[in-house]
Amino acid sequence: MSVEDPLTRPSAPPGRRAATFSMSVLPWLLAGLSGVLGALSMPGPGLGFLSWVALVPLCFALQGQRPRRGLQLGAVAGACFFAFLLYWLYTLWDWAGLLIIPGYLLLVGYLALYWGAFGSFYAWFNRRLPVWAMVLIAPALWTLLEFLRALGPFGFTWGQLAQATYRELPLIQAAALGGIWIISFLILLINYLLYLGLSRHRWRYPALALIVLGLVWGWGAARLGRPLSQEPALRVALIQPNIPQRLRGDRAYLSDFLAQYQKLLARIPVGSTDLVILPESILPTYVLHDRLILGYFERYARERRTALLLGTIDARPTGFYNTAALLSSGGTLLGTYDKVQLVPFSTEYFPGIGLFNRLGFSRWLPIGRLGELKRGAGFRPLEAPWGRLGVDICFESIFPRIGRALVRRGAGLLVTITNDAWFKRSWALPQHLAFGVYRAIETDRYFLQAANTGLSAIVGPRGRIVRRSAVAQAALLRGQVQLRADLTPYVRYGDWFIYLALGLLGVAGLWIMTVGARHAVPLPDKPSRPSTDSSHRQR
């Protein structure tokens, strides 16, 4: 009998090698698939139904993984999601130049870390908790991470799961109870139940998903069917001038731009409107200090007997502000609101701008100087004869807390003025408007959005888009809205649902530390290398 030489021992069959390779690659492919499906479900592609299954592949990829590998898989899914979702950042190439490439990659990488955190904590909880607990813990974990992503000066809510379902009105009425967070929780819950059904071949989990959806849909349909309280109507008109971004900052075109506004404003009959709304920073001049321009708008307000809301950059001894100004129907200035939540890493707010300038990077930017604007004093409504007007400027409408703060301070109507011309005809425009639908439902207020090139819209208190403009076309939208006084549970009690999610995670962690450690599912050890000692060789 001869001893087999290990150097001549036959290798594993090709089929086994292929199977091993596919098993090692499959989790990464599934994670990437979840990211792509999630992006396709967002406004723009508009395949919202995919949101209910988009994260099922990621759950399969995380099955049995350690937290470290869960972090990597979640980050891959998040990178695929945000890289696809935020492609429209490249429309800023004309202003940021080559710097848009590292900026885009850094933003995608940063946002992907939240998905990575989900993957890591999910893997840790999953091997220590029973299935019935994970049904609640997985959605709670996801929702809490979305909430954390919205906090602070670098907060960025773009890409919340709930954005995908903004047209499914019966299903999203629950946002009135606890904000947009409830809808993200619901979507992750359905994904996880479907994953359990597929992985365990048990139909009770998909059946439970259908029951949950049915209950939420039924409650939402009943809310949609309830008549609105009858506050006095306010007649509004939204102006969309469609001024190209490349030209709108050039004072040489000031008279042309003013003529475009005059043309649209002239279409509004005398005495037919109570409030006319113009977009953010309407003209390349400090309107409130330009007597010729301001005088025109004051005369217009008096002659047409209408209040007028407009956006401008305002220069003061303390600095520059992105400002909304409200003129009365008598042509007097009723008040101003200064933008508080500035866009980070932009012309509005750029941390470390001094160092950036000293390194000479600013000269590479066609956009000009960065971080020039000052923050406003706080979120406060504008006072008008017929009530309080809650105004936010552009980026601010993506934050639930801002709309809630304005309504708690008495705003009966929410208005966003914006300039999305930076992003041309991209997916950024419908994605931005989707947030307005949620702000309306959360606060039970009409939501108006006046945009330079679109999308401008009138949204009802239950999220129905009553009027909407086309993109890249001059438009005048007219309609009737109400200044409402009802307060939703979300306005009254705020982010209670986030506290509930945090409580669930805390209870789960306490259970694991006290009881669950001995019930943890052990993970297989890494296989050791086979010994080369001749005494262990097989004959």
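Residues numbered from 1 in each chain as written. Predicted model: local features only at pLDDT ≥ 70, side-chain atom pairs only at ≥ 80, totals over all residues. Heavy atoms only, no water.

A. Region of interest: the overall build of the protein chain. Helix and strand content of the protein chain: 17 helices and 12 strands. For the protein chain, the residues scored as buried account for 55% of the 539 residues in total. Long-range contacts, defined as pairs at least 24 residues apart, comprise 72% of the intrachain contacts of the protein chain with a sequence gap of at least 6. Just so you have it, the protein chain exposes about 24300 Å², and 62% of that area is on carbon and sulfur atoms. (Helix = DSSP H or I, 4+ residues; strand = E, 2+ residues; numbered from the N terminus. Buried < 20%, exposed > 50% of the residue type's maximum accessible area, 1.4 Å probe, protein only. Contact = heavy atoms within 4.5 Å. Areas by Shrake-Rupley, 256 points an atom, 1.4 Å probe, with all protein chains shown as cover.)

B. Representation of a nonpolar patch on the surface in the model. A surface patch of nonpolar side chains, about 640 Å² in accessible area, is lined by Leu177, Trp219, Tyr493, Trp496, Tyr499 and Leu500. It is helix α17 (residues 496–514) that contributes the most residues to the nonpolar patch, 3 residues altogether. One can find Tyr499 in helix α17. (Patch = residues over 30% accessible without salt bridge, like charges linked within 9 Å, V, L, I, M, F, W, Y side chains within 5 Å. Salt bridge = Lys/Arg side-chain N within 4 Å of Asp/Glu carboxyl O.)

C. Summary view of the sheet that holds strand β4 (residues 319–327). An order of β5-β4-β3-β2-β1-β12 is seen for the 6 strands of this open sheet, with the pairing classed as mixed. Edge positions in the sheet fall to β5 (333–338) and β12 (475–482), since each has one partner strand and no second. Geometrically, the sheet is characterised by an average inter-axis angle of 30 degrees between neighbouring strands, direction not taken into account. Sheet topology places strand β1 (residues 233–240) next to strand β2 (residues 275–277); 3 bridges connect them, and they run parallel. Looking at the pairing, Ala237 lines up with Val276 of β2. Of the strands in this sheet, β1, β2 and β12 are in contact with helix α11 (residues 254–265), which crosses β1 at around 145 degrees. (Pairing = 2+ DSSP bridges. Axes fitted to C-alpha atoms, helices over the stretch in contact; angles between N-to-C directions.)

D. Region of the structure containing unusual backbone geometry. A cis geometry characterises the amide bond from Gly454 onward to Leu455, with omega recorded as -5 degrees. Summarising the element assignment, Leu455 is placed in the loop between β9 (447–451) and β10 (457–459). Unusually for a residue other than glycine, Cys394 sits at a positive phi of about 55 degrees. Residue placement: Cys394 occurs in the loop between β7 (387–393) and α14 (400–408).

E. The arrangement of helix α12 (residues 291–304) in detail. End to end, α12 covers 20 Å across 14 residues, agreeing with the expected 20 Å (1.5 Å per residue, within 8%). Along α12, the residues that are buried comprise Ile293, Leu294, Gly295, Tyr296, Phe297, Glu298, Tyr300, Ala301 and Arg304. Buried residues belonging to α12 abut α11, β3 (307–316) and β4. Immediately downstream of α12, the backbone of Arg305 shows phi near 55 degrees, a positive value. (Expected span 1.5 Å × (residues − 1).)

F. Fine view of the sheet that holds strand β8 (residues 411–418). Strand order in the open sheet formed by 6 strands is β6-β7-β8-β9-β10-β11, with mixed pairing between adjacent strands. Every interior strand has two partners, whereas the edge strands, β6 (382–384) and β11 (465–468), have only one. For this sheet the average axis-to-axis angle between neighbouring strands, irrespective of direction, equals 20 degrees. Pairing of β7 with β8 involves 6 bridges; the strand directions are parallel. The residue of β8 that forms the bridge with Asp392 is Thr416.

G. Broad picture of the pattern of salt bridges. If you walk through the whole model with that rule in mind, you get 14 salt bridges. Of the charged contacts in the structure, one is a salt bridge between Lys424 and Asp94, with a shortest N-O distance of 3.4 Å. Of the two residues, Lys424 sits in the loop between β8 and α15 (428–443) while Asp94 sits in helix α4 (residues 93–96), which places them 330 residues apart along the sequence. With its nearest N and O atoms 2.6 Å apart, the salt bridge here joins Asp444 to Arg484. Note that Asp444 is positioned in the loop between α15 and β9 and Arg484 in the loop between β12 and α16 (489–493), a separation of 40 residues in sequence. For Arg484, a relative accessible area of 3% translates into the label buried. Because the salt bridges share partners, they merge into one network encompassing Arg223, Glu231, Asp444, Arg462, Arg484 and Asp486.

H. Region of interest: the packing of aromatic side chains. Applying the stated criterion across every chain, the model contains 26 aromatic pairs. An angle of 75 degrees between the planes, with centres 4.9 Å apart, marks the rings of Trp88 and Phe423 as edge-to-face. Here Trp88, found in the loop between α3 (67–85) and α4, pairs with Phe423, found in the loop between β8 and α15; they are 335 residues apart in sequence, far enough to count as distant. Each member of the pair Trp88 and Phe423 is classed as buried. Aromatic ring contacts, followed pair by pair, group Phe60, Phe81, Phe82, Trp115, Phe118, Tyr122, Trp142, Tyr192 and Tyr195 into a single cluster. The aromatic ring of Tyr321 is capped on one face by Arg316, whose charged end is 4.3 Å from the ring centroid. Taking the ring centre of Phe399 as reference, the NZ or CZ of Arg401 above it sits at 5.3 Å. (Phe/Tyr/Trp six-rings, centres within 6.5 Å; stacked < 30°, edge-to-face > 60°. Lys NZ or Arg CZ within 6 Å of the ring centre and 35° of its normal.)

I. Summary view of the environment of His432. Topologically, His432 is positioned in helix α15. Classification of His432 as buried rests on a relative accessible area of 2%. When the C-alpha atoms of His432 and Gln163 are compared, they prove to be 9.3 Å apart, with 269 residues separating the residues in sequence. Excluding anything up to four places from it in sequence, His432 contacts Trp158, Cys394, Ser397, Ile398, Thr418, Asp420 and Gln449.

J. Representation of the packing of helix α5 (residues 100–126) against helix α6 (residues 131–149) in the model. α6 packs onto α5 with a crossing angle of 155 degrees between their chain directions and a minimal axis gap of 10 Å. In terms of orientation, α5 and α6 fall into the roughly antiparallel class. With respect to the hand of their crossing, α5 and α6 are arranged in right-handed fashion. When α5 is examined against α6, the residues Leu111, Tyr114, Trp115, Ala117, Phe118, Phe121, Tyr122, Phe125 and Asn126 are found in contact with a partner set consisting of Met134, Ile137, Ala138, Leu141, Trp142, Leu145, Leu148 and Arg149. (Parallel < 35°, antiparallel > 145°, perpendicular 65-115°, else oblique. Left-handed = near helix turned anticlockwise from the far one by under 90°.)

K. Just the packing of α14 against α15, in detail. At a minimum axis distance of 10 Å, the contact between α14 and α15 shows a crossing angle of 40 degrees. When the interaxial angle is binned, α14 and α15 end up oblique. The crossing of α14 and α15 is right-handed. Residues Pro400, Gly403, Arg404 and Val407 of α14 touch α15, and the partners they reach there are Arg439, Glu442 and Thr443. A breakdown of the residues in the contact of α14 with α15 according to their chemical character gives 2 nonpolar, 2 polar and 3 charged. (Nonpolar A, V, L, I, M, F, W, Y, C, P; charged D, E, K, R; others polar.)

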